[in-house]
2 protein chains.
Amino acid sequence: KSSTLREMYYISEGWDIAKFHAQEESNLLAEDLEVITQLLREDFKLRPEESGASVIGNLTLEEITRNGDRKRINCRDDVGDAGYTIPYNVEKEKVKLVESDAKFILAIETGGMFDRLVENGFDEDAKCILVHLKGQPSRSTRRLLKRLNEELKINVATFTDGDPWSFRIHASVAYGAIKTAHISEYLATPTAEFVGITASDILNYDLPTDALTPRDIGALNAEMTDPRFNDEFWRNEIQAMLQINKKAEQQALAKYGLDYVTDTYLPEKLGPLGLM
Amino acid sequence: KSSTLREMYYISEGWDIAKFHAQEESNLLAEDLEVITQLLREDFKLRPEESGASVIGNLTLEEITRNGDRKRINCRDDVGDAGYTIPYNVEKEKVKLVESDAKFILAIETGGMFDRLVENGFDEDAKCILVHLKGQPSRSTRRLLKRLNEELKINVATFTDGDPWSFRIHASVAYGAIKTAHISEYLATPTAEFVGITASDILNYDLPTDALTPRDIGALNAEMTDPRFNDEFWRNEIQAMLQINKKAEQQALAKYGLDYVTDTYLPEKLGPLGLM
């Protein structure tokens, strides 16, 4: 049986000795075990609490269900409009990737934009797989993106809001989170491209914006020294955002109508990357 | 085409006159339209941003997909272990409820507990439908619960943490949120029973707890005058929680092992309600 970190902590409450004093302790033990054994916590049957992302597109996979059955699911033909939900364990013994004709994966930050692209049929028109990250992506979401990239050779592009927190969503997909640095080779997709809203986009597309808050400014300054953003593209975009003192949401593209994002913005961003 | 409230606001940014000045204004317009026309915002093709819940159990439904196809989905046999995700629109023209042999629906607050019950096969053993509410349930989740209750005559029970915020999750399922009072007849399931953790459970099951925070205490005091909690059961439980000054999570039942919740706790709570 598998358990969550939280359950592992509570289980110890039933013990007489060797009890954990706070969940912090049992969480750290799980991380230490990962580092020492070079295994994933999923191998110890510890499962995360966050829910996985939704997937829509022509991707066929096979899930070994809780009853041990092999269930073949096509993430376009066999699911409803809300998509296939990534389970908490996506290792090979649980999820087998069968096939896909997708040219790329678009990993989308917000539900509103995911539903927009689904409604507009962008996965069919652009031959891609749409993934709704649901904010900071869960371990299983990042792991599945990594496996799709590695095993099926599909490029990944992240499409987020234009603010410092969204830049970190991209960084966690591409380079991993600092907390899970010891297993980023399992979770990170270093070739992931960013097609989210940048400071340049705010200017070029004349998007509706909000002013940066003091917390936003602090986060952007921290990113200036974050090794994950240490290249020319990110340094320029972060500095430009600080300078114009503005951020924008991906849904701001609706200023030009509901089809602008699929007819104009995404082709203009994905084209130069060779993805469309 | 449908749009989110956020898109509706941004669309107006492209207008010369009659522009909204803040999203607050366009949101209020949507609510006013609902009240005046007695229609749901879904009828105006306005869709919420929150994502819908996951469903596992022997429930067959038919979704009319974005391409107009009728897709029949059994929420046990046709989906992966993460379940069927409720789409943003669950009105009859989009989702048709076909059949179910379930004796009740268990609407669960946290992902950790949902996954526990799925792994333990509780939906099969107890002949029920498991729904992961994902915290405060979205409109489409509440609407689907209502329709299952009304059209297929299935009872609903909510299983949450034991704290004032979780009590409000139950209240929003059973009586609606204050914000959406004008449409609670579409969204609320007044016969929903509460089988979440109560102050009595904390004492009877000797559960691991945390102390109430000042915010928790404020919320409990507010609930003492909330008409949705104006009955003997809730008054006693809220007062008892204030008195013991403790709250507990549903996963605290793991103190007695990973099967305790399905073998002992839920049968003991659901039995007296005639659901198990």
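Presented here is an overview of the structure given in this document. Since the structure is predicted, the reported quantities are computational estimates derived from the model, not experimental observations.

Calculation rules
Residues numbered from 1 in each chain as written. Chains lettered and ligands numbered in written order. Predicted model: local features only at pLDDT ≥ 70, side-chain atom pairs only at ≥ 80, totals over all residues. Heavy atoms only, no water. Contact = heavy atoms within 4.5 Å. Buried area = accessible area lost by both parts, 1.4 Å probe. Salt bridge = Lys/Arg side-chain N within 4 Å of Asp/Glu carboxyl O. Polar contact = N/O pair within 3.5 Å; in protein donor to acceptor, adjacent residues only side chain to side chain. Helix = DSSP H or I, 4+ residues; strand = E, 2+ residues; numbered from the N terminus. Buried < 20%, exposed > 50% of the residue type's maximum accessible area, 1.4 Å probe, protein only. Arc of directions from axis to C-beta. Pairing = 2+ DSSP bridges. Axes fitted to C-alpha atoms, helices over the stretch in contact; angles between N-to-C directions.

### Quick look at the interface of chain A and chain B
Argument step 1. With 54 residues of chain A in contact, the opposing surface of chain B contributes 54 residues.
Argument step 2. Summed over both partners, the interface of chain A with chain B comes to about 4,500 Å²; 45% of that surface belongs to carbon and sulfur atoms.
Argument step 3. Across the chain A-chain B interface, the total number found is eight salt bridges.
Argument step 4. Among the salt bridges present, the one from aspartate 123 of chain B reaches arginine 66 of chain A, with a minimum N-O distance of 2.8 Å.
Argument step 5. Applying the counting rule to chain A against chain B returns 19 residue pairs in polar contact (both at pLDDT 80 or more).
Argument step 6. Of all the elements in the fold, those that place two or more residues in the side of chain A that touches chain B are strand S1 (3-4), helix H1 (5-13), strand S4 (59-64), strand S5 (70-74), helix H3 (111-119) and helix H4 (122-125) of chain A.

### Notes on the environment of lysine 127 of chain A
Residues and elements named next belong to chain A.
Argument step 1. Inspection of the secondary structure assignment puts lysine 127 in the loop between H4 and strand S9 (128-132).
Argument step 2. In this structure the C-alpha to C-alpha distance between lysine 127 and alanine 102, which are 25 residues apart in sequence, comes to 5.1 Å.
Argument step 3. Sequence-distant contacts of lysine 127, that is, excluding residues within four places in its chain, are made with Asp101, Ala102, Lys103, Phe104 and Phe122.

### Section: helix H11 (residues 260-270) of chain A
Residues and elements named next belong to chain A.
Argument step 1. Taken together, the buried positions of H11 are Tyr260, Val261, Thr262, Tyr265, Leu266, Lys269 and Leu270. Angular distribution of buried residues about the axis of H11 spans 150°; they occupy a single face of the element.
Argument step 2. Tucked into the core, H11 has its buried residues touching strand S8 (104-108), H3, H4, strand S10 (155-159) and helix H8 (199-204).

### Here we look at the pairing of strand S4 (residues 59-64) of chain B
Residues and elements named next belong to chain B.
Argument step 1. In terms of burial, S4 is largely enclosed, as five of its six residues are buried.
Argument step 2. Note that S4 and strand S7 (residues 95-100) share five bridges and pair antiparallel. Looking at the pairing, leucine 61 lines up with leucine 97 of S7.
Argument step 3. Pairing geometry for S4 and strand S5 (residues 70-74), over five bridges, is antiparallel. By the bridge assignment for S5, glutamate 62 is matched with arginine 72.
Argument step 4. Taking the residues that link successive antiparallel strands as the turn, the S4-S5 hairpin has five residues, and the phi of glycine 68 there is positive, at about 85°.

### Side note on the sheet that holds S4 of chain B
All names here are of chain B.
Argument step 1. What the three strands build is an open sheet, ordered S5-S4-S7; its pairing is antiparallel. Sheet topology places S5 and S7 at the edges, where each strand pairs with a single neighbour. For this sheet, the mean angle separating the axes of adjacent strands, direction not counted, is 20°.

### Observations concerning unusual backbone geometry
Argument step 1. Even without glycine at this site, aspartate 206 of chain A takes up a positive phi of about 50°.
Argument step 2. Tracing the chain through its elements places aspartate 206 of chain A in the loop between H8 and strand S12 (210-211).
Argument step 3. Judged by its relative accessible area of 49%, aspartate 206 of chain A is partly exposed.
Argument step 4. Phi at lysine 127 of chain B is positive, roughly 50°, even though this residue is not glycine.

By themselves, these observations are geometric and do not establish any function.
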